[in-house]
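Residue strings, one per chain:
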Amino acid sequence: MEKILITGGAGFIGSHTVVELTKAGYSPVIVDDFSNSNQSAIRGIESIIKQSVKVYEGDCNDAQFMNDLFVAEQNITGVIHFAAYKAVGESVEKPLQYYQNNVGSLMVLLDVMKKNGVENVVFSSSCTVYGEPDQLPVTEKSPIKPAESPYGNTKQVCEEILEDVIKSDADYKAIALRYFNPIGAHPSSHIGELPLGVPNNLIPFVTQTAAGHREQLTIFGDEYDTPDGTCVRDYIHVVDLAKAHVKALQHFKNQNTPYYDVFNIGTGKGNSVLEVVKTFEKVSEQKLKYKIGDKRTGDVEQVFGDVEKANNELHWKAALTLEDALRDAWNWQKKLK
Ligand code: UDP
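Residues numbered from 1 in each chain as written. Predicted model: local features only at pLDDT ≥ 70, side-chain atom pairs only at ≥ 80, totals over all residues. Heavy atoms only, no water.

Residues in contact with the ligand amount to 14 residues; listed here are only the nearest, Leu202, Thr218, Arg233, Arg296 and Asp299. Leu202 places a main-chain nitrogen or oxygen 2.9 Å from an oxygen atom of the ligand. Interatomic distance of 2.5 Å between a side-chain N/O atom of Asp299 and an oxygen atom of the ligand. Counting residues per element, the shell around the ligand draws most heavily on strand β8 (residues 217–220), at four residues. (Near = heavy atom within 4 Å. Polar contact = N/O pair within 3.5 Å; in protein donor to acceptor, adjacent residues only side chain to side chain. Helix = DSSP H or I, 4+ residues; strand = E, 2+ residues; numbered from the N terminus.)

See below:
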């Protein structure tokens, strides 16, 4: 069984990926500092896969710790690098922390991989690199726009680091997956999103409002140039997203070093905030309290991805619907409360 290191493996996307990797016959090893994740995610993973999972608690920026981990584990064949800070607003207030953590950890990782002869790395990137797109859907060839936040910039810089390192050094294979908006939870309700404090993201805010933890949802603007005036995003079920990582690892098998490529990972379809609210009301069989508020600074009007490349080359395609994702997110929220 191939051993894969999952940094940030206790997080939202990481935990679902650990489950899908196990199902696909890989042996995942988690490293997480639990700064924005919880041990309960490990128990949730173990309930689904019905076996224990190996976890190292520590900081991916700590080169000594990471090197010791690679040495102790011996035969790691690939890494999926999720570990990163992800709050856009916080990144504006604490840019240094974001650059240090998000960019620093990738540099440490690439160095430690090299020292230990590990070639394969999948990196968590984001559709945020496209900014406000000129044309929809965005393809991997769409222009990269100046980042709106230090968080967004860390994703751009990390992609550039990967590209430069792979150009200079024949010993790596790397894939950056540009995620659109990951939502949902595992259908078993054993794992899901665990936002700290008041959620910034739409879906946890919706489910917490429905559960009575928040007074009401504020929809950020309804005068955008979209069919119903609210912003449009490409919402992808986290289980589909997790499976894309398995496909990326399998894709490395057919590539020679050096190899670097980027793939959009979304559904290819856009949904407005109001459509999300209506669909949530349908699957949860209840009305959601919401009001229309001001636009949120930095929000893109519309973005959804062209996912042909992932479809053709990774043989991956999203299979679950917005309804599936919202139902799973709601079941998860009901279990939490
Ligand atoms: N949104 C909203 N109210 C909220 C949170 C988000 O109307 O409380 C909207 C936001 O303006 C965007 C969409 O929901 O159009 C998705 O926002 P999220 O923060 O989840 O992801 P983003 O696309 O900004 O990364």
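With parallel pairing, the seven strands of this open sheet are ordered in space as β3-β2-β1-β4-β5-β6-β11. If you trace the sheet from one side to the other, it starts and ends with β3 (54–57) and β11 (259–265), each paired once. Within the sheet, the average angular offset between the axes of one strand and its neighbour, ignoring direction, is 20°. When strand β6 (residues 173–179) meets β11, the two strands line up parallel, connected through seven bridges. If you follow Ala174 over to β11, its bridge partner there is Tyr260. Contacts from helix α3 (residues 63–73) reach β1 (3–7), β2 (27–32), β3 and β4 (76–81) within the one sheet, and its direction differs from that of β3 by about 160°. (Pairing = 2+ DSSP bridges. Axes fitted to C-alpha atoms, helices over the stretch in contact; angles between N-to-C directions. Contact = heavy atoms within 4.5 Å.)

A separate point is the packing of aromatic side chains. In this structure the tally under the stated criterion is four aromatic pairs. Residues Phe252 and Tyr259 carry aromatic rings whose centres are separated by 6.4 Å and whose planes lie at 85° to one another, so their mutual orientation is edge-to-face. Ring geometry for Phe280 against Trp330: centres 5.5 Å apart, planes inclined by 80°, an arrangement best described as edge-to-face. Here the residue Phe280 occupies a position in helix α9 (residues 273–284), and Trp330 occupies one in helix α11 (residues 322–336), the gap between them amounting to 50 residues. The same class applies to Phe280 and to Trp330, which are both buried. (Phe/Tyr/Trp six-rings, centres within 6.5 Å; stacked < 30°, edge-to-face > 60°. Buried < 20%, exposed > 50% of the residue type's maximum accessible area, 1.4 Å probe, protein only.)

Look at helix α7 (residues 202–210) against α11: their axes get within 10 Å of each other, and the N-to-C directions meet at 50°. The angle between the axes of α7 and α11 places the two elements in the oblique class. Here α7 and α11 pass one another in a crossing that is right-handed. Here α7 contributes Ile203, Thr207, Gln208 and Ala210 to the contact with α11, which in turn contributes Leu326, Ala329, Trp330 and Gln333. Taken together, the residues of the contact of α7 with α11 sort by class into five nonpolar, three polar and no charged. (Parallel < 35°, antiparallel > 145°, perpendicular 65-115°, else oblique. Left-handed = near helix turned anticlockwise from the far one by under 90°. Nonpolar A, V, L, I, M, F, W, Y, C, P; charged D, E, K, R; others polar.)

Here we take up unusual backbone geometry. The phi angle of most residues is negative, glycine excepted, and most peptide bonds adopt the trans form. Cis geometry marks the peptide bond from Leu136 to Pro137; its omega dihedral reads -10°. For the bond running from Thr257 to Pro258, omega is -10°, close enough to zero to count as cis. Relative to the assigned elements, Pro258 resides in the loop between α8 (238–252) and β11. Positive phi outside glycine occurs at Phe34, with the angle close to 55°. In this fold, Phe34 is placed in the loop between β2 and α2 (39–49). When its relative accessible area of 14% is taken as the criterion, Phe34 is described as buried.

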